[in-house]
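Given next are the chains, with one letter for each unit.
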Amino acid sequence: MIFIALILESAGLLLIYKSWRKPQRRVVENSIAWLMVLVSIWPWQDAVGLEFGICFWFLAMPVISWVLVVINREYRKMDAPIQPRNWVWPARAQVVQNIVNLVIAGPIAFMACYVCATGLGMATGYALGLVEVNQMLLGFILFLLLWPVVIYRISTKAMRWQSASGLLLVALGGPAVLYGFSLYGFNL
Amino acid sequence: MKRLSLSVNLVKKSIKAHSSLGLAAGALMYLVCLTGTLAVFFEEFERWEQPGIEEYQDYSVEQINQAIGEFQQRVTETPEELWVVLPSEAMPRMHISGDDHEWFIDADGSLSEPPLEAWTKMMTSLHEYLHLPQQLGTILVGILGVLLCSLTLSGLLSHPSLFKDAFRWRMGRQALTQLDLHNRLSVWAAPFYLMIALTGAFIGLIGVYGALTSVAFYENDMQTVFEVVYGSEPEVTEAKPVVDLSKAFQTLKSAAPGVTPLFLTIRDMETDGQYLEIWVSVPERLIYSEVYRFRADGSLIDHKGFSDGAIGKQVAYSVYRLHFGHYSGFWVKVVYALLGFALTVVCVSGINIWLVKRKFESVLNDGWVAVVWGLPMALAVAALFSFYGWPALSVFGITQIIALVFAMIIKQPDKARWFLMAGLVLSLSATVLTRTVAVLNEIVPPVFYGVNLSILAVILILIIMLVRQRKWLKKPCQQEQRITVTS
């Protein structure tokens, strides 16, 4: 079964590669190819179980694709230009901006995301009637998804003071709200 | 294929975010990725480091009982918890530990040498907590996991021609080679990197999250938070003075057929509350283990429910194997190492792209070369000297500092890279040589030769690279100017 899964996944990716090399987009060919890749999950999970099967499907995909990338490599010999050597001083404004971003994306965003994720986890938990451990894990996983997104948003531009103060308000006020809820019997 | 339609503004912002995050975390991320890639094989490295230990996969209750008896004779105080790690296919050695004492167990049940706390331990600890105070270091590594998630997100959003370039690798020109290498390695393995990042962040930050949650909801009682996720202690009174392992194993066999015992723990040893835990791996499951608990007379108390309890509990206990790649055999480890190495290359090529785009060289180029090639060399030198009993961490640190100073003195990154690569070849060769000579007249497990052959393969690849790149030695030195970067 593992062999069938590998053949199916490889054939699907090979078809995608073949279609990719052609100048015109081929919808049918591509759809069949992606379907083959997707269907290969079945023999994978049949051979090694559902959890391992999904993992193997994910693990095989980059390895097969990289083989195709290596096959498709182009080589253009060109000498690298000699680059001048400079002693670089970063501009002071840039350093300050980076430090401000670090503080906002670090402890402030961390706390704000903790509050939002835990609150969202609690609300979802109450709505769906989840047990304590599921609520807690949901909150933690939401936090792990939310914090990177907020860090990304903060790094995209110079932080406006309105957004920064909003985050700061949530970070400082949020824990008090959560603590207050816990005092009134709302708990995880 | 249709171009993924991302707005120009979004792409620009994402590139900015991607480069700022990458630069902020680059060196630490590289260190964690490199050591993580090596740590996938920590069992093989431990066996290679201490090849004289007796190896076997079959064990008996009598053998364990004898080892426990000998352990108690050797230590002055009975430990509160006694651990017996059972042999497995990946680590066919059994060892016993309690408090600060630990010994391997021979096939006849007698205790042999204590496990070495040398290079492998130093390398895995570097990955886990960077040798900082443990809690702080674990949190920092967890934050790196969060940053890797951000980098994956910003990387995908800064790539407007994701499908158009799906299989393209233009080699030759330095900037394009690095860019295509970075993008192809990143895009195809993005789900794996995201998984590694999230599970790493989970392991690193669960403590902080638990602490905050305990303050907000559990009257600052951290223990209760962990009991919610990982289960509480059973109440045992009037236990038999000696644990009946034989009966416990029989009970386990009938209660959970098909599971494989990993290790056993005797808790509250030699007290009225003593009980036994047997940690077992469950076939076709990612959970690290299920834990079966027994009274001292061998009767079953319960199991913790990691395999069939609340979904949150199962998820929390599945992240470890998923992160380590320790499931379903040796070949999964090989694929994890390959993908981990790809992530390491992604870290390096990302910074390389930024350096090439600046169109000038500075002290940052020297420092980066010293980090990229100095780190593996420092690890190799530490492996060499730890064989002679030198402290691996100190050797590692000193070698890394020497590499940095060397690169900054010669001020030619290409030349520094060549010399550091040569240093890596020499230290790896010396490591293989000394370890092989030391066991010439001993019987060692095949894994010892397996690790040596793998290192020799790496040496061969590095020698080919060195020969191809010898032109770097003739590169002229540049005059330095001082400028200020304003944007």
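Quick caveat, the model's predicted, so the values are computed rather than measured.

K.L.:
Sorry, what's going on with the pairing of strand 5 (residues 260-267) of chain B here?
P.N.:
Two faces belong to every sheet, and in a regular strand the side chains alternate between them. All names here are of chain B. Summarising burial for strand 5: 7 of the 8 residues are buried, a large majority. Alignment of strand 1 (residues 81-85) against strand 5, held across 5 bridges, turns out to be antiparallel. Looking across to strand 5, one finds that Glu 81 is bridged to Arg 267. Bridging between strand 5 and strand 6 (residues 275-281) involves 7 bridges; their strand directions are antiparallel. From the neighbouring strand, Arg 267 faces strand 6, where its bridge partner is Tyr 275.

K.L.:
Would you explain the packing of helix 2 (residues 42-49) of chain B against helix 4 (residues 119-129) of chain B in this entry?
P.N.:
Between two packed helices, what matters for the description is the angle formed by their axes and the separation of those axes. Residue and element names in this part refer to chain B. Following both chains from N to C, one finds helix 2 and helix 4 inclined at 155°, their axes separated by 9 Å at the closest point. Judged by the inter-axis angle, helix 2 sits roughly antiparallel to helix 4. Side by side, helix 2 and helix 4 meet where Phe 42, Phe 45, Glu 46 and Glu 49 of the first sit next to Trp 119, Thr 120, Met 123 and Thr 124 of the second.

K.L.:
Which parts of the structure should I look at to understand helix 15 (residues 446-468) of chain B?
P.N.:
The α-helix winds at 3.6 residues per turn, so residues separated by three or four positions along the chain end up facing the same way. Residues and elements named next belong to chain B. In this model, helix 15 (23 residues) spans 33 Å end to end at C-alpha, consistent with the 33 Å of a helix rising 1.5 Å per residue. Here helix 15 has its buried residues at Val 447, Phe 448, Val 451, Asn 452, Ile 455, Ile 459, Leu 462 and Leu 466. Where helix 15 is buried, its residues meet helix 2, helix 12 (363-386) and helix 14 (413-438).

K.L.:
Help me understand unusual backbone geometry in this model?
P.N.:
Residues apart from glycine generally show negative phi values, whereas peptide bonds are mostly found in trans. Residue and element names in this part refer to chain B. With a phi angle near 45°, Asp 268 is a residue other than glycine that sits in the positive phi range. Checked against the element boundaries, Asp 268 lands in the loop between strand 5 and strand 6. You will see that Lys 411, though not glycine, has its phi angle at about 55°, which is positive. Structurally, Lys 411 is set in the loop between helix 13 (392-410) and helix 14.

K.L.:
Would you explain the packing of aromatic side chains in this entry?
P.N.:
What characterises a pair of aromatic rings is the spacing of the ring centres plus the angle enclosed by the ring planes. Going through the model one piece at a time under the given rule, you end up with 42 aromatic pairs over all chains. Plain terms: the ring middles of Phe 110 of chain A and Trp 147 of chain A are 5.1 Å apart, the flat faces sit at 70° to each other, and that makes the pair edge-to-face. Of this pair, Phe 110 of chain A sits in helix 5 (residues 92-128) while Trp 147 of chain A sits in helix 6 (residues 132-156), and the two are 37 residues apart along the sequence. The two residues Phe 110 of chain A and Trp 147 of chain A agree in class, both being buried. Here Phe 45 of chain B and Trp 48 of chain B contribute two aromatic rings whose centre-to-centre distance is 6.2 Å and whose plane-to-plane angle is 70°, an arrangement assigned as edge-to-face. With Phe 45 of chain B and Trp 48 of chain B both in helix 2, this residue pair falls 3 residues apart, about one helical turn. Just as Phe 45 of chain B is buried, Trp 48 of chain B falls in that class too. An aromatic cluster of at least three residues, connected via ring pairs, comprises Trp 44, Phe 52 and Phe 56 of chain A together with Phe 192, Tyr 193, Tyr 327 and Tyr 336 of chain B. Geometry around Phe 306 of chain B places Lys 313 of chain B over its ring, the cationic atom sitting 6.0 Å from the centre.

K.L.:
Even after reading the chapter, I still don't get the nonpolar core, so can you show me in this structure?
P.N.:
Soluble globular proteins: nonpolar side chains tend toward being buried together. Ranked by size, the top nonpolar core spans 192 residues in total, and within it Phe 143 of chain A together with Tyr 327 and Tyr 336 of chain B carry the most contacts. Among the elements that make up this core, the one with the highest residue count is helix 12 of chain B (14 residues). Beyond its immediate stretch of four places on either side in the chain, Phe 143 of chain A contacts Phe 110, Cys 113, Tyr 114, Ala 117 and Pro 148 of chain A together with Leu 205 and Tyr 209 of chain B.

K.L.:
Please explain the state of the cysteines as it appears in this structure.
P.N.:
Note: disulfide means a covalent bond formed between the sulfur atoms of two cysteine side chains. Per the counting criterion, the structure on display carries 0 disulfides over all chains. Left without a disulfide partner, Cys 116 of chain A is nearest to the cysteine sulfur of Cys 113 of chain A, which lies 6.6 Å away. With no disulfide partner, Cys 347 of chain B has as its closest neighbouring cysteine sulfur the one in Cys 33 of chain B, 3.8 Å distant.

K.L.:
Help me out: how do you make sense of the domain arrangement of chain B in this one?
P.N.:
Interface size is commonly expressed as the accessible surface area that is lost when the partners come together. Residue and element names in this part refer to chain B. Each assigned domain of chain B is listed here: domain 1 (51-115) and domain 2 (360-476). Computed over C-alpha atoms only, the centres of domain 1 and domain 2 are separated by 36 Å. With 4 residues of domain 1 at the interface, the matching set in domain 2 holds 6 residues. Across the domain 1-domain 2 interface, the total number found is 0 salt bridges. In terms of residue class, the side of domain 1 that touches domain 2 is made up of 1 nonpolar, 1 polar and 2 charged.

K.L.:
Teacher, can you tell me more about the packing of helix 6 of chain A against helix 1 (residues 8-39) of chain B here?
P.N.:
It is the contact of helix 6 of chain A with helix 1 of chain B, at a shortest axis distance of 8 Å, that shows an interaxial angle of 105°. If you check the angle between helix 6 of chain A and helix 1 of chain B, you find them roughly perpendicular. Residues Ile 151, Tyr 152, Ser 155 and Thr 156 of chain A of helix 6 of chain A lie in contact with helix 1 of chain B, whose contacting residues are Leu 10, Lys 13, Ser 14, Lys 16, Ala 17, Ser 20 and Leu 21 of chain B. Of the residues assigned to the contact of helix 6 of chain A with helix 1 of chain B, the class counts are 5 nonpolar, 4 polar and 2 charged.

K.L.:
Whenever I open this one, the sheet that holds strand 1 of chain B confuses me. Can you help?
P.N.:
Pairing between the strands of a sheet comes from backbone hydrogen bonds, and it takes one of two forms, parallel or antiparallel. Residue and element names in this part refer to chain B. Spatially, 7 strands are ordered 3-2-1-5-6-7-8 in an open sheet, and the strand pairing comes out antiparallel. Since the sheet does not close on itself, it has two edges, and those belong to strand 3 (101-105) and strand 8 (300-303), each with one partner. The sheet shows a mean angle of 20° between the axes of neighbouring strands, taken without regard to direction. Here 5 bridges tie strand 2 (residues 94-98) to strand 3, and the two strands are oriented antiparallel to one another. For Ser 97, the partnering residue across the bridge sits in strand 3 and is Glu 102. With respect to the sheet, helix 3 (residues 61-74) is in contact with strand 1, strand 2, strand 3 and strand 5, its orientation differing from that of strand 2 by roughly 40°.

K.L.:
Just checking my understanding: could you explain the pattern of salt bridges for this structure?
P.N.:
Charged atoms that come close allow side chains of opposite charge to pair. All names here are of chain B. Summed over the entire model, instances satisfying the criterion amount to 13 salt bridges over all chains. Residue Glu 81 pairs with Arg 267 through a salt bridge whose shortest N-O separation is 2.7 Å. Of the two residues, Glu 81 sits in strand 1 while Arg 267 sits in strand 5, which places them 186 residues apart along the sequence. A relative accessible area of 11% means that Arg 267 is categorised as buried. Salt bridges sharing partners connect three or more residues here, namely Glu 43, Glu 44 and Lys 333.

The rules behind each value
- Residues numbered from 1 in each chain as written.
- Chains lettered and ligands numbered in written order.
- Predicted model: local features only at pLDDT ≥ 70, side-chain atom pairs only at ≥ 80, totals over all residues.
- Heavy atoms only, no water.
- Buried < 20%, exposed > 50% of the residue type's maximum accessible area, 1.4 Å probe, protein only.
- Helix = DSSP H or I, 4+ residues; strand = E, 2+ residues; numbered from the N terminus.
- Pairing = 2+ DSSP bridges.
- Axes fitted to C-alpha atoms, helices over the stretch in contact; angles between N-to-C directions.
- Parallel < 35°, antiparallel > 145°, perpendicular 65-115°, else oblique.
- Contact = heavy atoms within 4.5 Å.
- Expected span 1.5 Å × (residues − 1).
- Phe/Tyr/Trp six-rings, centres within 6.5 Å; stacked < 30°, edge-to-face > 60°.
- Lys NZ or Arg CZ within 6 Å of the ring centre and 35° of its normal.
- Core = buried A, V, L, I, M, F, W, Y, C linked by side-chain atoms within 4.5 Å.
- Disulfide = S-S within 2.5 Å.
- Domains from an automatic or database assignment.
- Salt bridge = Lys/Arg side-chain N within 4 Å of Asp/Glu carboxyl O.
- Nonpolar A, V, L, I, M, F, W, Y, C, P; charged D, E, K, R; others polar.

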